[in-house]
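Listed below are the residues making up each chain.
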Amino acid sequence: MANTAEMFSQQCFGSDDQVPTVDYSLLFSDDQNERAKSLEHLGKACQEFGFFYLINGVEESVVEAALKGVSDFFELTNQDERSEYLKKNSRDRIRWGLRSHAGENREYLKIVAHPEYHCPAKPASFRDAIGEYFKGMHEVELGLAKAISRTMGHEETYIEKEFKLEAGFDVSAMNLYPPSFQSKGSIGVPDHTDPGFFVSLIQDVNGGLQILSHKGKWVTVSIPRNAIFINLGDHLEILSNGKYKSHVHQVVLDDNQVKRISVATLHGPSLDTFVAPAPGFVDESRPPAYGGMTYKQSLELNGSDEIDVQSSLSELRIPLPV
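Criteria and thresholds
- Residue positions are given per chain, counted from 1 along the sequence in the order it is written.
- Only residues with pLDDT of at least 70 get local features here, since the model is predicted, and only at 80 or more are side-chain atom pairs given and counted; chain-wide, interface and lining totals rely on the full set of residues.
- Heavy atoms throughout the structure, all of them, feed into the side-chain values; hydrogens and water do not.
- Within 6.5 Å between ring centres, the rings of Phe, Tyr and Trp (the latter by its six-membered ring) count as paired, and their orientation is classed by plane angle as stacked under 30 degrees, edge-to-face over 60, tilted in between.
- Three labels apply to residues, based on accessible area from a 1.4 Å probe with only protein chains included: buried if under 20% of the type maximum, exposed if over 50%, partly exposed otherwise in between.
- In this analysis the charged atom, NZ for Lys or CZ for Arg, is taken to sit over a ring once it is within 6 Å of the ring centre and within 35 degrees of the ring normal.
- In this scheme, strands are said to pair when DSSP sees at least two bridges between them.
- Labels follow the DSSP assignment, with helices taken as runs of H or I lasting at least four residues and strands as runs of E lasting at least two, numbered in each case from the N terminus.
- Throughout, an axis means a line fitted to C-alpha atoms (over the contacting stretch in the case of helices), and angles, computed between N-to-C directions, take values from 0 to 180 degrees.
- Should any heavy atoms of two residues lie within 4.5 Å, those residues are considered in contact.
- In a helix, the anticipated span is given by 1.5 Å times the number of residues less one.
- Every case where a carboxyl oxygen of Asp or Glu lies within 4 Å of a side-chain nitrogen of Lys or Arg is listed as a salt bridge.
- Definition of nonpolar core: a set of buried residues of the types Ala, Val, Leu, Ile, Met, Phe, Trp, Tyr and Cys, connected through side-chain atoms within 4.5 Å.
- UniProt positions are given in the numbering used here, feature names are shortened, and annotations may be inferred rather than shown by experiment.

Under an unreviewed UniProt entry, the name given to the protein is Fe2OG dioxygenase domain-containing protein, and the organism recorded is Hibiscus sabdariffa.

Draft legend 1. Representation of the packing of aromatic side chains in the model. Across all of its chains, the model carries 10 aromatic pairs by this definition. Plain terms: the ring middles of Tyr133 and Phe134 are 5.9 Å apart, the flat faces sit at 50° to each other, and that makes the pair tilted. For the pair shown, Tyr133 and Phe134 are each scored as buried. Three or more aromatic residues link up through ring pairs in this structure, and these residues are Phe49, Phe51, Tyr53 and Phe229. Note that Lys110 overlies the ring of Tyr108, its terminal NZ or CZ placed 5.5 Å from the centroid.

Draft legend 2. Molecular detail of the sheet that holds strand E4 (residues 104-114). Taken in spatial order, the 8 strands of this open sheet run E1-E2-E10-E7-E12-E5-E4-E3, and their pairing is mixed. Only two strands of the sheet have a single neighbouring strand rather than two, namely strand E1 (21-23) and strand E3 (94-101). Across this sheet, the average inter-strand angle for adjacent strands is 25°, counted without regard to direction. Pairing between E3 and E4: 8 bridges, direction antiparallel. Paired with Leu98 across the bridge in E4 is Glu107. Contacts between helix H2 (residues 32-49) and the sheet are confined to E1, strand E2 (51-55) and strand E10 (227-232), with E2 contributing the most and set at about 150° to the helix.

Draft legend 3. Broad picture of helix H3 (residues 60-76). Between its first and last C-alpha, H3 extends 24 Å over 17 residues, near the 24 Å set by a 1.5 Å rise per residue. Among the residues of H3, Val62, Val63, Ala66, Leu67, Gly69, Val70, Ser71, Asp72, Phe73 and Phe74 are the ones counted as buried.

Draft legend 4. Spotlight on the pattern of salt bridges. Counted according to the given criterion, the structure contains 19 salt bridges. Between Arg225 and Glu60 there is a salt bridge, with its nearest N and O atoms 3.1 Å apart. With Arg225 in the loop between strand E9 (218-220) and E10 and Glu60 in helix H3, this residue pair connects regions lying 165 residues apart in the sequence. Under the relative-accessibility criterion, Arg225 is labelled exposed at 68%. On the basis of relative accessible area, Glu60 is assigned to the partly exposed category, the value being 34%. Residue Lys296 is joined to Glu306 by a salt bridge in which the shortest nitrogen-to-oxygen separation is 2.4 Å. In this pair, Lys296 is assigned in helix H8 (residues 295-300) and Glu306 in the loop between H8 and helix H9 (313-316), connecting sequence segments 10 residues apart. On the accessibility criterion, Glu306 (1% relative accessible area) is buried. Several salt bridges share partner residues, and in doing so they unite Lys87, Asp92, Arg95, Asp305 and Asp308 into one network.

Draft legend 5. Geometry of the nonpolar core. Ranked by internal contacts, the top residues of the largest apolar core, which has 61 residues, are Ile130, Tyr133, Ile148, Ile159 and Phe197. Looking at which element gives the most residues to this core, the answer is helix H5 (residues 124-151), with 11 residues. With near-sequence residues (within four places) excluded, Ile148 lies in contact with Leu42, Cys46, Ile159, Phe197, Leu232, Leu236 and Tyr244. One finds Ala227, Leu266, Leu271 and Val309 within the second-largest nonpolar core, a separate group that totals 28 residues.

Draft legend 6. Quick look at the UniProt feature "domain: Fe2OG dioxygenase" (unreviewed entry) in the protein. As recorded in UniProt, the sites labelled "domain: Fe2OG dioxygenase" (unreviewed entry) are residues 168-269. The span residues 168-269 shows a helical share of 6% and a strand share of 44%, and its end C-alpha atoms are spaced 4 Å apart.

Draft legend 7. Representation of the sheet that holds strand E6 (residues 187-192). Sheet architecture is open: 4 strands sit in the order E6-E11-E8-E9, paired in antiparallel fashion. Strand pairing shows two members of the sheet lacking a second neighbour, E6 and E9, which therefore form its edges. On average, each strand axis in the sheet is tilted by 25° relative to the strand beside it, whichever way the strands run. Examined bridge by bridge, strand E8 (residues 209-212) and E9 share 3 bridges and lie antiparallel to one another. Bridge pairing links Gln210 to Thr220 in E9.

Laid out in C-alpha cells, this is it:
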C-alpha cells in the first residue's frame, strides 16, 4: 500500500494545467522517509512549476478572519477616510489607491507587515484579524525557507541567513476588485513578476489570477478553500541563478460576477540584503545570469518607492553574449 507521501505525489502532479499542492505539515513530518519524499515534491514544484498551493500552513479560521477583516476595511470606512492613506512620500508604510482604467481596475491598501507591522487603526476588527494572519504567515515563511533550502542542497538555515528573513521586508497588498460589469476593462492588474522570496495569496472568491507557466501557457489559478497560493519571487530566482523561476502573472476580471477581495503578501529579504547569484549556483557552464544589488536598491531601481514593491528583474538580467 502506498504511504502518505507517495499518494501525495500521485495527487500533486498531473498535467501542465494543474497547479501542484504542497502539504506544509508533511515537510516537517516525524517520519524521516515521509519528510524526505515531501521535500522532493516541494523541490519539483519549485523547479518545474515555480508556484503551488500550500495546505496545512496558516489555520483556515485565521485566513477567513483576515479576509473578513479586509472586507470590513473597505465596507466600514468611506472613501474620504481611506484617502488619508494616499501617497504622502517615498517612506510611506501605509498607502491606499484607486485604479479604474483599461489597464488596471482595483482599489487597494498596501501596508508594510514586517519587520514592523503598520496598519490603519480602524476598523479594529481589521487590524487584529490581518495582524494575526501576518503572524502566522511569517512562521510559514520561515518554515518554507528551511524546506526550500533543503531542496536546493543546503542546510535548512541557508535562505533565512542569505535573505536575513528575521528582518525581512514584507509588504501586503489588499485588493478589492469590481465585478466585470463595473470595471473599465478586463484587466485587474497587468502582467508582472514580483520581487522577494515568494508571494502568498488568499482570496474570498475564486478566479481572476492567471500565471504564465514554464511552457508559455496561461494557467488559471483556482485556490482550494483550505489553501494559500505561493508564487516564487524574483530574488529567489536571482539567488539560485535561475534554477527556481519567478513567474509572470496577471489578474483578469472577465468572469467576475461579484466583487472579489484578495490579500497578496510579498515576503522579501531585509532591505539591506545584497542579493546576487550564489556561488553554489554558478560555474563555467552556468555563469551569473543576474547582477547584484541590495533589496532596497532593486525596489527603487525604476523610480518606485519601497512600498510599491515593483519588480526590476528584467533590468538585473545580464544579457547573453552574442
